[in-house]
Amino acid sequence: MTVQPNDSLLEVKDLQTHFFMAEGVAKAVDSTTFSIGRGKVLGVVGESGCGKSVTARSIMRMVRPPGHTVDGEILYSRADETGQTTSVDLLQLPATGAEMRSIRGGEISMIFQEPRASLSPVHRVGDQITENILLHQPVTPSEAELIAIDMLQQVHIPLAEQRMGAFAHQLSGGMCQRVMIAMALSCHPNLLIADEPTTALDVTTEAQILELMQGLQAELDMAIMFITHDLGVVADMADEVAVMYLGKIVERGAAADIFRDPKHPYTIALLESLPRMDQKRDWLQTIRGVVPDPYSTLNGCPFHPRCADSMPGVCDEIVPQPISLEDGREVRCLLYTEHATQESPQLAEESSHQ
Amino acid sequence: MREYVLQRVLQLIPTLILISIVSFTIIQLPPGDYVTTYVANLAAAGEEVSEAEIEALEEHYGLNQPGYIQYIKWITNFVQGDMGLSFYWDRPVNRLIGERLMLTMIMSFFTLLFVYAMAIPIGIYSAVRQYSPTDYTFTFIGFIGLATPNFLLALIFMYIGIEFFDADAGGLFSIEYLDAPWSVAKIWDMLKHMWLPVVIVGTSGTAGTIRVMRATTLDELGRPYVETARAKGLREGPMTMKYPVRVALNPILSTIGWQLPQIVSGTVLVALVLNLPTTGPLLWRALMSQDLYLAASMILILSSLTLIGTLISDILLAWVDPRIRYGERGTT
């Protein structure tokens, strides 16, 4: 444990979570580095299977076999008994040990993609919320019940007291996600990991849930790691954005910067594939090719087979490392290195201003 | 909940009527009746039976009347508690069945208990430790248990009992208690004899239930709500019992209904081999000799037990699973 001077709540360094399958080793998360500031919202974006959810579960220490977090550091800052802020490497804690269990659910909590399936079909929602409260707070069952009712009111569930006795199948998807949020926030976590919380909901409900999350985030001053494949949602919610591709973060920086001026060809392609109101197009732009299967061992940059600006002889040979740009941005692309100069004068010019 | 139970009980009535008709009809389906079988047996033994005697016999047993009249007579008496006369034993069916039925029910109860007590913990363990050596071992033993016929197991156990332990594996009572009135000592003696047939009859059920329990638990372990529970910071063991296992038990509860008839019919051969005073051998003999009222009454009683078993498991299921309880008025 070391004293952490800066204001970051969670620092993930070189995280590697691999799945050891009969077909080979799938590097679901491959040397991923990022940090989340206290009270900030980090949006994690990427296609299906890029490692977003596995990153989240690695932080929660909930990766199930055959998956294993094989390397890296997850430094989490928490107040110790004396009130001093210390940082703990979550990967050094036993995943099912008492300390990790008190962090999980108490200080870092999580909500999921399918709200109804995420609630037990045979337990009342009230019992599921009070269970969490009793686990992490020194309160009596009746006090826990009051806290739970209060939480349900905070997430704008009408008739909260009656809803305590409801079962998941009696509630709509949006209501279930509100219950999940109430449950996750019932112990005032420092960090909420939201794994595509609105993907399964219709657009109107999605907007309501996002608004609710924004309101609660400001109110409770917690950080959110918001995982999504929806760039619109990220633009709405996030302070910072990390774009993931095949287990690696290819670009990260302030949300405004990334949307205004994307650097990585993948981010550029993602933004171009969004439908736009101000341009009439017959076809939506797509990214050519498909995500390679996770067992393949590509040489060079993992994105080069699909990249519009791929430099033959460079991108298929050299593995790009993260490169720091201005404004605390970072990009993992060879176009921003000295390799680009001889190949592509136009891009060299673009990268010269760094 | 009360409406649900009432509704289910009312549904039983037409089913029972249908079963009584079917069981009565099926026994009459083979050509001839008890008297023909009886006369054929006498003729085979070299005895002559005159036409008049046959008619007298048919008259005596009521077999000269059309089938539906026989049925109505039988069923009217049946609901009043009189199940008619057994031709073969020449005794009232009530007295023949009485004790055997009770013993069968006791044995079925213990067999069910044995099946669940063995299969549920093993199934859970196999699922939680999937592909571990223990899981493979139980899977292997389970398949052997499924594949071995019960009567063969009974023979093997009898052989082992007699050869190595000098014990008599047959029967449910020691000789001194055979005709003794019921007492604590007799019950204790019965329990000492009963464990072996219970294990033999329960083996295949246990093996099957392990597979079901393992599969459903594996299914549930991968559900999102398990991840939610884990994300709360619960201990893995209690979490597994409270959430996935709790849900995985539902299909097990709903199989009580069909476990019961399986056990009852499974005991027939075992009961013959082990010489058990249960309903199995009696039913077998009744069917062989076309002993109409005895066979029909027993089939009706056993089917009723099955239906009651199903009813109990349905009620249990509605009790533990709110999705079924509120199925009719699910709100969104």
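Please read these numbers as outputs of a predicted model, since none were measured by experiment.

Overview of the pairing of strand E3 (residues 24-37) of chain A
Turning to step 1, where the next piece is worked out: Where strand E2 (residues 8-21) of chain A meets E3(A), 10 bridges bridge the pair, whose relative direction is antiparallel. Bridge assignment links Val12(A) to a residue of E3(A), and that residue is Phe34(A).

Overview of the domain arrangement of chain B
Turning to step 1, where the next piece is worked out: Here chain B is partitioned into domain 1 (19-82) and domain 2 (97-289).
Turning to step 2, where the next piece is worked out: Centre-to-centre separation of domain 1 of chain B and domain 2 of chain B, based on C-alpha positions: 38 Å.

Topic: the nonpolar core
Residues and elements named next belong to chain A.
Turning to step 1, where the next piece is worked out: Ranked by internal contacts, the top residues of the largest apolar core, which has 117 residues, are Leu191, Ile193, Met225 and Phe226.
Turning to step 2, where the next piece is worked out: Counting residues per element, this core draws most heavily on helix H6 (residues 173-185), at nine residues.
Turning to step 3, where the next piece is worked out: Discounting residues that sit within four places of it in the chain, Ile193 has contacts with Ala56, Ile59, Met60, Ile108, Met110 and Met225.

Quick look at the pairing of strand E11 (residues 248-254) of chain A
All names here are of chain A.
Turning to step 1, where the next piece is worked out: E11 sits mainly inside the fold: six of its seven residues count as buried.
Turning to step 2, where the next piece is worked out: Strand direction decides the pairing type here: strand E10 (residues 240-245) and E11, joined by six bridges, are antiparallel. For Tyr245, the partnering residue across the bridge sits in E11 and is Lys248.
Turning to step 3, where the next piece is worked out: As judged from the two bridges shared by E11 and strand E13 (residues 330-331), these two strands associate in the antiparallel manner. Within the sheet, the bridge partner assigned to Glu251 lies in E13 and is Val331.

Considerations on the interface of chain B and chain A
Turning to step 1, where the next piece is worked out: If you look at the interface, chain B gives 22 residues, while chain A gives 26 residues.
Turning to step 2, where the next piece is worked out: Looking at the side of chain B that touches chain A, the elements that each hand over two or more residues are helix H9 (224-231), helix H10 (236-254) and helix H14 (322-325) of chain B.
Turning to step 3, where the next piece is worked out: Top contributing element to the side of chain B that touches chain A by residue count: H9(B), with six residues.
Turning to step 4, where the next piece is worked out: When its residues are assigned to classes, the side of chain B that touches chain A shows nine nonpolar, five polar and eight charged.

Here's the deal with helix H11 (residues 256-274) of chain B
Residues and elements named next belong to chain B.
Turning to step 1, where the next piece is worked out: For H11, spanning 19 residues, the distance from its first C-alpha to its last is 25 Å, which sits close to the expected 27 Å at 1.5 Å a residue.
Turning to step 2, where the next piece is worked out: A maximum bend of about 35° is found in H11 at Val268.
Turning to step 3, where the next piece is worked out: Among all positions of H11, only Gln259, Leu260, Ile263, Val264, Gly266, Thr267, Val270, Ala271, Val273 and Leu274 are buried.
Turning to step 4, where the next piece is worked out: Packing partners of the buried residues in H11 comprise helix H5 (93-128), helix H7 (150-164), helix H8 (184-221), helix H12 (279-288) and helix H13 (292-320).
Turning to step 5, where the next piece is worked out: A positive phi of about 60° marks Asn275, the residue just after H11.

Side note on the packing of helix H2 (residues 34-44) of chain B against helix H3 (residues 51-61) of chain B
Residues and elements named next belong to chain B.
Turning to step 1, where the next piece is worked out: Across the interface, H2 lies against H3 with an axial gap of 10 Å and an inter-helix angle of 140°. As for how H2 packs across H3, the hand of that crossing is right-handed. Where H2 abuts H3, its residues Tyr34, Val35 and Val39 lie against Ile54, Leu57, Glu58 and Tyr61.
Turning to step 2, where the next piece is worked out: Partitioning the contact of H2 with H3 into residue classes produces six nonpolar, no polar and one charged.

How each quantity is defined
- Residues numbered from 1 in each chain as written.
- Chains lettered and ligands numbered in written order.
- Predicted model: local features only at pLDDT ≥ 70, side-chain atom pairs only at ≥ 80, totals over all residues.
- Pairing = 2+ DSSP bridges.
- Helix = DSSP H or I, 4+ residues; strand = E, 2+ residues; numbered from the N terminus.
- Domains from an automatic or database assignment.
- Core = buried A, V, L, I, M, F, W, Y, C linked by C-beta atoms within 7 Å.
- Buried ≥ 20, exposed ≤ 12 C-beta atoms within 10 Å, placed from the backbone.
- Contact = placed C-beta atoms within 7 Å.
- Nonpolar A, V, L, I, M, F, W, Y, C, P; charged D, E, K, R; others polar.
- Expected span 1.5 Å × (residues − 1).
- Bend = angle between axes of the 7 residues up to and from the residue.
- Axes fitted to C-alpha atoms, helices over the stretch in contact; angles between N-to-C directions.
- Left-handed = near helix turned anticlockwise from the far one by under 90°.

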